[in-house]
Amino acid sequence: MKKIFDTILRKGNNIYTQNLTPHIRVYGEKLIDVHGFQYRKWDPTRSKLAAAILNGLKIFPIKSGSVILYLGISAGTTASHVSDIIGKSGLIYGIEFAERMMRELIKVVKERKNIMPIMADARKPEEYPYVEQVDLVYVDVSQPDETEIAIRNCKEFLKPGGYLMLAIKSQSIDVVKSPKDVYKQEIKKLKKAGFKIESEIELSPYQKDHCFVLAKM
Ligand SMILES: C[S@@+](CC[C@H](N)C(=O)[O-])C[C@H]1O[C@@H](n2cnc3c(N)ncnc32)[C@H](O)[C@@H]1O
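These figures come from a predicted structure and were not determined experimentally.

Draft legend 1. Examining the site of the ligand more closely. Of all residues adjacent to the ligand, which total 18 residues, the nearest are Y70, T78, E96, D121 and Q143. In this structure, Y70 approaches the ligand through a side-chain N or O atom, which is 2.6 Å from a nitrogen atom. Residue D140 places a side-chain N or O atom 2.8 Å away from a nitrogen atom belonging to the ligand. The fraction of the free accessible surface of the ligand (610 Å²) that becomes covered by protein chains is 87%. More than half of the atoms belonging to the ligand lie within 2 Å of the grid points that define the largest pocket. Per-class residue counts for the shell around the ligand are seven nonpolar, six polar and five charged.

In structure tokens, the structure reads:
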């Protein structure tokens, strides 16, 4: 078992985060004990961030105490691992507009006090003006305008020098163009908006036709 990015453990192609809520699972994941601490297995087929780590993400700006705006938090699968990493001193503002997902998320946040669920449309940051300036904006909305949504929210809420993590789903943006051309087109938009691209990582075999982008503002 090797420690990566201070807080994540890796053994072969398996990664784990230290469970903030011992003995409680979020999505049926395996729990293991290592040197007296409990860890949760992080499934790369269920989480694009886990897939990006396994496919070679080198910079990992999520740390203990980080404040994060998460667009498309859904039922909280990935967010629960981010919640493990940021710990009790960090906070995730989780934006979700689907009622069914929000109901599932509520079960997770009952146990995890560092996630604040917000039922809102990520296209309308004016619906959540009380969100503070954050260290990182995480975007996984699977929408044709996901890059524009990311840029708008970063302009409103990201601290200078903060990071954007964007999961680009080519099938949501253009079903005719090749995924590579879609990634290129979306990354060009980020550069034009003033972002510096730190990493672009394709997520196969864990996620089909997805590219994970880490950018700095
Ligand atoms: C691919 S899923 C996210 C999965 C999640 N990030 C994870 O890894 O656990 C996309 C989510 O974004 C939500 N979504 C899409 N468009 C949205 C919008 N404009 N505002 C808020 N939520 C949105 C969907 O309802 C869905 O739950």
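Now that the structure has been shown, the text picks up again.
Draft legend 2. Structural detail: the pattern of salt bridges. A full pass over the atoms with the stated rule returns 14 salt bridges. One salt bridge connects R103 with E99, and the closest N-O pair in it is separated by 3.9 Å. With R103 and E99 both in helix α3 (residues 99-111), this residue pair falls four residues apart, about one helical turn. Salt-bridge contacts for R152 lead to E126; the nearest nitrogen and oxygen are separated by 3.2 Å. Of this pair, R152 sits in helix α4 (residues 146-157) while E126 is found in the loop between β8 (115-119) and β9 (134-139), placing the two residues 26 residues apart along the sequence. Salt bridges sharing partners connect three or more residues here, namely E29, R40, D84 and R112.

Draft legend 3. Seen up close, the environment of P117. Assignment of secondary structure puts P117 in strand β8. The exposure class of P117 is partly exposed, given its relative accessible area of 28%. Ignoring anything within four residues of it in the chain, the contact list for P117 reads G94, M102, L105, I106 and V109.

Draft legend 4. Region of interest: the environment of I115. Within the secondary structure layout, I115 lies in strand β8. Along the backbone, I115 and A79 are 36 residues apart, and their C-alpha atoms lie at a distance of 8.1 Å. Not counting chain neighbours up to four residues away, the residues in contact with I115 comprise I73, A79, S83, L91, I92, V108 and V109.

Draft legend 5. Broad picture of the nonpolar core. In this structure, L49, L57, I62 and M165 are the most contacted members of the largest nonpolar core, which totals 36 residues. Mapped onto this core, the elements with two or more residues apiece are α1 (48-54), β6 (67-71), α2 (77-86), α3, β9, β10 (158-169) and β12 (210-216). Looking at this core, the element that brings in the most residues is α1, giving six residues. Dropping the residues within four chain positions of it, M165 is found in contact with L49, L57, F60, P61, I62, L136, V137, Y138, V139, F212, V213 and L214. Ranked by size, the runner-up nonpolar core spans 34 residues in total, among them V67, L71, V141 and I151.

About the thresholds
By convention here, each chain's residues receive numbers from 1 onward along its written sequence. Owing to the predicted nature of the model, reporting of local features is limited to residues with pLDDT of at least 70; listing and counting of side-chain atom pairs is limited to 80 or more, with chain, interface and lining totals taken over all residues. Values reported for side chains reflect all heavy atoms of the structure, with hydrogen atoms and water molecules removed beforehand. The rule for a residue being near a molecule or strand is that one of its heavy atoms must lie within 4 Å of it. Under this definition, polar contacts are N or O atom pairs within 3.5 Å; protein pairs additionally need one hydrogen-donor-capable and one acceptor-capable atom, and for neighbouring residues in sequence, both atoms have to be side-chain atoms. All accessible areas in this document rest on Shrake-Rupley with a 1.4 Å probe, and a residue is counted as covered only by the protein chains that are shown. Throughout, the protein atoms alone are placed on a 1 Å grid, and a set of points is a cavity if a 1.4 Å probe fits but cannot get out or a pocket if it is open with protein on both sides within 12 Å along at least five of seven lines; lining residues have an atom within 4 Å of a point. Just a note on the criterion: a molecule sits in a pocket or cavity if more than half of its atoms are within 2 Å of the grid points. Classification convention: Asp, Glu, Lys, Arg as charged; Ala, Val, Leu, Ile, Met, Phe, Trp, Tyr, Cys, Pro as nonpolar; all other residues, Gly among them, as polar. Any carboxyl oxygen of Asp or Glu that lies within 4 Å of a side-chain nitrogen of Lys or Arg is treated as forming a salt bridge with it. Think of it this way: any DSSP run of H or I at least four residues long counts as a helix, any run of E at least two long counts as a strand, and we number them from the N terminus. Only protein chains enter the accessibility calculation, which uses a 1.4 Å probe. A residue is then buried if its area is under 20% of the maximum for its type, exposed if over 50%, and partly exposed in between. Pairs of residues are marked as contacts when any of their non-hydrogen atoms sit within 4.5 Å. Here, nonpolar core refers to any group of buried Ala, Val, Leu, Ile, Met, Phe, Trp, Tyr and Cys residues whose side-chain atoms link them within 4.5 Å.

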